[in-house]
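Report on the structure
If you want the building blocks of each chain, they are given just below.
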Amino acid sequence: MDNLNKKDKAQLKELKSPMAVVDWAVNWFRKQSIFMLAYGTGCGAIEIPPTVTARYDAERFGVRGAATPRQADVIVLSGYLAVKTLKRVIRTYEQMQEPKYVIALGSCPINGGMYWDSYNTIKQLDRYLPVDVTVAGCMPRPEAVLEGFMALKDKIQRGEAEGARDYRDNIEKYKNNQKEIFGDKMLPGYTCDWYFSDGGSF
Amino acid sequence: MAQDIITIFHGPQHPGITGNMSVELDLLGETIKRAETHVGYLHRGFEKMIERRTVLQAFTIVCRICVPEPDPNEENFARGVEELMGLEVPEKAKWLRTMVLEMARLQAQMLWFAGQGGSLGHYISPQWAVADRDLILDLFEELTGGRVYHMYITPGGVRRDLPEGFLGRLGHFLDYLESRLPEYDNMLLRNPVFLERARGVGIIDPATAREYGVVGPNLRACGFMNDIRKDEPYEMYGEVDFIVPTETSGDVYGRAMVRRAEIEQSISILRQIIRRMPAEKEIMAVLPKNHRKWEVPKGDTLVKTESARGEYSYYMVGDGTDKLRRVQVKGPSAVHAITLLEEMLVDSQLSDVAMIMNSLGTNPPEIER
Amino acid sequence: MTETIDNLLERIGRNFQITGQEVKKAGLAALHCSQEQLHGVLIYLKEVEKFDTLTMIGCADWIEDDYFELSYMAYSFTTFFTVMVKIRVSRDGSSVPTVEGIWRQARTFEREIHEMFGVDFPGNTRLKEFFLENWQGMPPMKRDFDTVQFVKDHYKLREEGREGACNVSVERKKRIDAKKLELKKEGE
Amino acid sequence: MLFTIFNSLLAVLLTYSMGMLYYGFYRIGNARIHRRVGPPLWQNVIDNIKLFAKREAPGHGIMFHLGPVIMTAGTITSMLFVPFLKDSAWLQGFSSYGNLILLIYLMVVGPLGNALAVGVSGVPFGVMGVTRGLTRLIGLEVPFFLSVALLMSGSGTISISEIMMAQDSFSNWNMMAHPAAFIVSLFSFVGMMGASPFDVVGAPVEVYSGPQAEFGGKYLGFLAAQRVMFSMVKLILWVDLFLGGATNVFILMAKSFALFFFYFIVGAAFPRFKTEQAVDFMLKLPLIIGIGAVLVRFWSL
């Protein structure tokens, strides 16, 4: 595989135990092949087509679209999330297979952005979902989106992109936060059953 | 039989839905027996936010109402404020606005082309069209500083004068685009499979179109020659020559042909603008003294702009303070994407949903704001 | 004789009780009438004057005087005139019979106003949840709905992670002052 | 015995690596048509290994697990009944025991396994995709059967090896000897490979990705591997039947790549038909040519 770059090679040399090498290799494959589920939750959706098409060509970096959550590795949430959308996003996220990552585009998922006083959008995405990479900007340019993917790749290679594990470990916290918004109209319990070892429910 | 019908949700996360909305479909086999649209996934409460912001603050957010084509929103908002406040816009600014609106129309049509090809599983057309659209975005970036959101057409004029040599570069781009159009035709619009699929599908008949108030290319594909640019000319549209292309079939193919012809018309309008752009420097009206607090007098007005997908209407109410009492937006999708779509989808096939939604130019953020 | 909007208004005024009328700009006129007259005027506009389309139903909340102003904007494709027919309804518990029977697209506009302002439209077949999901409490577009308070109550605005954030105008002033000082020193 | 097992493994390995190579080319070629750079050649291999390296995969009971297994088994069995080379002991599988008619049956096992698995997953899009696949099969099989029947009656045998052996010189290739059969079979070839305009089964904008909608992780990895191998089996079958077979692996690759290139160009140029339009299309032109050729054939007998 001659497209190992210098950084990768340097990392590889530092590894000592065989298991570490296996982990490293698995992470390398994970980072080189990213199936993206582009969920157009907001304005940023308009910059996804340029990112994956001829001008910016994300496929060069192994990023390609996936049709369904089951096949996807990363969910790209492009912009503000209305409450109604958030529910679907959580459902979609829970359907994805581990290891799974979240990239949030734009200022709105970070702190509400220019919709900070809107009654229908959430202000901090990372209260409800574990976000691995946020790309700031209103809206981020395709270069920035690609840069976000590069950051995610670095994170995967280092083995730190473990948002899904975080979600599993702190499921109570996340579910409570989600409950603050949805109230009694929470997502049905079976959507996250597999996160509870004892089969608990919300 | 009732038990043979399955109900599925098409969207909101689905590659075949144009944006973040969903259609609930009752399917018998693959034939749609009942459709119900669900919107609201993008509702931000713009009208509430504009209520809380002064005119200039609100101006920066109105363009976010419609992502694929933000400029008609700016235009409407600016023209509404000017009408309420009685501002007189200099001629150069009007020409610049017309130019920006036409460029926006052009890029929106390219985006439509991309969607139309993608919805049929023809993956060349999105790639080419989106890449060519990016060249317009580059021009926008040079002129306004923004790629997608420009915030260029301000109440009272435009924000910046032309950069040096801009019109020449625009001309080059138009030449390039014109040379590409035959390829687009060969690739998709004359493709036998496209003809097979697009003809006779998603028909809006003229009476329904009138009754529902369908606008834009969707209306013109039914044989009506209605275009706000011609009917109630604004900015410099009264000065430039263009024709309003029409078709009579009212189906997906007819709409595609109307849009295709509109690309040519936009190119021709832009060429005229390049030729006739005045050299003067005045691009702003005489503005109220206090820039931070424009007081909009009491009164209301309705302004309309023709976007690539049809007419945008803004109902704007001033109440004598520095904030607008109400700005109500009706995007072109609001008429066809909810009730009309539900009726159109009945008895069509699941495979056609994406194609019909694309050809109508359905764009959820402008329905929900 | 060419049709003018004044002639049109005069004809309507002859047939109906209009409480006020004005021409806003070329091709746009407003009529005020009572709620009882509304349907008559609209049917007249559609059937006799050939106003084919309802562009939108505007709604403005005049909380000081305690009424909503509903504007039905009819548009004619032959003369390109828009006529706003305005009625006033009370701010709470008001109900206006639907105009769905006149223009079918009114269904959507009424559905939205019902959700955003709480105006009831008896007879509308699609009057259900539209943009908002599971919304309880005051309709959000009413002016007495305080969106900032609502945001504070329901969502957590980001507080941690903002320590480095600074007040832009203060920072800018500091920088300008520093620059001035520098220039001054250079001048000396 | 050991040799047979080794030979079978070799066949699996060869089809897998050939398939990955071809589909790598497919992605790069498509990217070039799209005027972009495209992924590296081995991107498909990376994707595949990554899918196997995923920690989770959704399960829906035993039948769901068996689906991809049945599909892969169907593929490998069909592979073993297709001789890869002529005049060689290598890569023959069990082709001496089987014949064309058996193979036609085996090739349907895959979709069947898929249908069973998708059925238990309960995903409506998957069920719809399977239905589409079976409907399309009606359209594809008829021209295919016609061309195969022509071929069998022309060569006087139903053994693939013998059909292959009979084509000893270029003028003797079945594509030259039976041009009508070849042309008819090309229609169903494009359809069987799942290229546009017949790619109705997994159309993402219509039925998500059809039968694959619920498969993730290792299941999807199996399906992806199975898909490329099955494509290679079809390519090799066509090489055997119409292009005169191959005496060594390089000729095999050259010939199958020519066919693959044809499929790639057709797939890139066209949008997608609707399901019934695809079937309609198949039952018009190819059927007419096929029936005409059959009539001519029996007239001359």
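Structure: see above.
Residues numbered from 1 in each chain as written. Chains lettered and ligands numbered in written order. Predicted model: local features only at pLDDT ≥ 70, side-chain atom pairs only at ≥ 80, totals over all residues. Heavy atoms only, no water.

Attention now moves to the nonpolar core. Ranked by internal contacts, the top residues of the largest apolar core, which has 174 residues, are Leu25(B), Met99(B), Tyr72(C) and Val85(C). Looking at this core element by element, the count peaks at 13 residues for helix 4 (residues 91-118) of chain B. By size, the runner-up hydrophobic cluster in this structure holds 63 residues, among which are Met152(D), Met229(D), Phe230(D) and Tyr263(D). (Core = buried A, V, L, I, M, F, W, Y, C linked by side-chain atoms within 4.5 Å. Buried < 20%, exposed > 50% of the residue type's maximum accessible area, 1.4 Å probe, protein only. Helix = DSSP H or I, 4+ residues; strand = E, 2+ residues; numbered from the N terminus.)

Attention now moves to a nonpolar patch on the surface. On the surface, a nonpolar cluster with roughly 510 Å² of combined accessible area is contributed by Met1(D), Leu2(D), Ile5(D) and Leu9(D). Residue Ile5(D) is classed as partly exposed on the basis of its relative accessible area, which comes to 42%. (Patch = residues over 30% accessible without salt bridge, like charges linked within 9 Å, V, L, I, M, F, W, Y side chains within 5 Å. Areas by Shrake-Rupley, 256 points an atom, 1.4 Å probe, with all protein chains shown as cover. Salt bridge = Lys/Arg side-chain N within 4 Å of Asp/Glu carboxyl O.)

Right, let's talk about the sheet that holds strand 1 (residues 5-10) of chain B for a bit. Strands pair in a sheet through their backbones, by hydrogen bonds, and they do so in one of two ways: parallel or antiparallel. Strand order in the open sheet formed by three strands is 1-2-3 (chain B), and the pairing between neighbours is antiparallel. Each of the sheet's edge strands pairs with one partner strand only, and the pair in question is strand 1 and strand 3 (31-38) of chain B. Across the sheet, the axes of successive neighbouring strands diverge by a mean angle of 20°, strand direction being ignored. In the sheet, strand 1 of chain B pairs with strand 2 (residues 22-28) of chain B via six bridges, with the strands oriented antiparallel. The partner of Thr7(B) across the bridge, within strand 2 of chain B, is Asp26(B). The strands that helix 12 (residues 333-345) of chain B touches are strand 2 and strand 3 of chain B; relative to strand 3 of chain B, the one it contacts most, it runs at about 170°. Sheet strands touched by helix 6 (residues 124-155) of chain D: strand 1 and strand 2 of chain B. Its angle to strand 1 of chain B, the strand with the most contacts, is close to 115°. (Pairing = 2+ DSSP bridges. Axes fitted to C-alpha atoms, helices over the stretch in contact; angles between N-to-C directions. Contact = heavy atoms within 4.5 Å.)

For the structure shown, the criterion picks out 46 aromatic pairs over all chains. On the basis of an interplanar angle of 85° and a centroid distance of 5.4 Å, the ring pair of Trp28(A) and Phe29(A) is categorised as edge-to-face. Across the pair, Phe29(A) and Trp28(A) agree in class, each one buried. Relative to Tyr253(B), the ring of Phe194(B) has its centre 6.3 Å away and its plane inclined at 50°; by these criteria the two rings are tilted. Of this pair, Phe194(B) sits in helix 7 (residues 192-198) while Tyr253(B) sits in helix 11 (residues 252-276), placing them 59 residues apart in sequence. Among the residues examined, Phe194(B) registers a relative accessible area of 0% and is labelled buried. (Phe/Tyr/Trp six-rings, centres within 6.5 Å; stacked < 30°, edge-to-face > 60°.)

Here the focus is the arrangement of the chains. Of all five pairs of chains that touch, the greatest number of contacts is found between chains B and C. Chain C makes no contact with chain D; the smallest distance between any of their C-alpha atoms is 25 Å.

What follows is about the sheet that holds strand 3 (residues 74-78) of chain A. All names here are of chain A. Strand order in the open sheet formed by five strands is 2-1-3-4-5, with parallel pairing between adjacent strands. Here the strands that pair on one side only, and so sit at the sheet edges, are strand 2 (63-65) and strand 5 (133-135). Neighbour-to-neighbour, the strand axes of this sheet turn through a mean angle of 30°, independent of strand direction. As paired strands, strand 1 (residues 34-39) and strand 3 are joined by four bridges and run parallel to one another. Residue Ala-38 lies in a different strand from strand 3, and its bridge partner there is Val-76.

What follows is about the interface of chain D and chain B. Between chain D and chain B, the residue contacts involve 25 residues of the former and 35 residues of the latter. A combined buried area of about 2500 Å² lies between chain D and chain B, and 56% of that area is made up of carbon and sulfur atoms. Where chain D meets chain B, there are three salt bridges. Of the charged contacts, one joins Glu30(B) and Arg132(D) as a salt bridge, the two residues approaching to 2.5 Å between their closest N and O atoms. Elements with a contribution of two residues or more to the side of chain D that touches chain B: helix 6, helix 10 (204-207), helix 12 (249-269) and helix 13 (275-282) of chain D. Counted by class, the side of chain D that touches chain B contains 14 nonpolar, four polar and seven charged residues. (Buried area = accessible area lost by both parts, 1.4 Å probe. Nonpolar A, V, L, I, M, F, W, Y, C, P; charged D, E, K, R; others polar.)

Residues and elements named next belong to chain B. If you check helix 5 (residues 124-144), its first and last C-alpha atoms are 30 Å apart, about what 21 residues at 1.5 Å a residue would give, namely 30 Å. Of all the 21 residues making up helix 5, 17 are buried; the element is thus mostly covered by neighbouring parts of the structure. Note on helix 5: the residue one or two positions beyond its end, Gly-145, has a positive phi of about 90°. (Expected span 1.5 Å × (residues − 1).)

Note that the residue after Glu98(A), namely Pro99(A), is joined by a cis bond; omega there is -5°. Omega for the bond connecting Cys138(A) with Met139(A) falls within 30 degrees of zero, at -10°, which places this linkage in the cis form. Looking at the secondary structure, you find Met139(A) in the loop between strand 5 and helix 6 (142-157). Even without a glycine there, the phi angle at Asp66(C) is positive, about 60°. On the secondary structure map, Asp66(C) appears in the loop between strand 3 (53-62) and strand 4 (67-75). In the Ramachandran plot, Phe80(C) falls in the positive-phi region, its phi being about 60° despite a non-glycine side chain. As for its placement among the helices and strands, Phe80(C) is situated in the loop between strand 4 and strand 5 (82-90).

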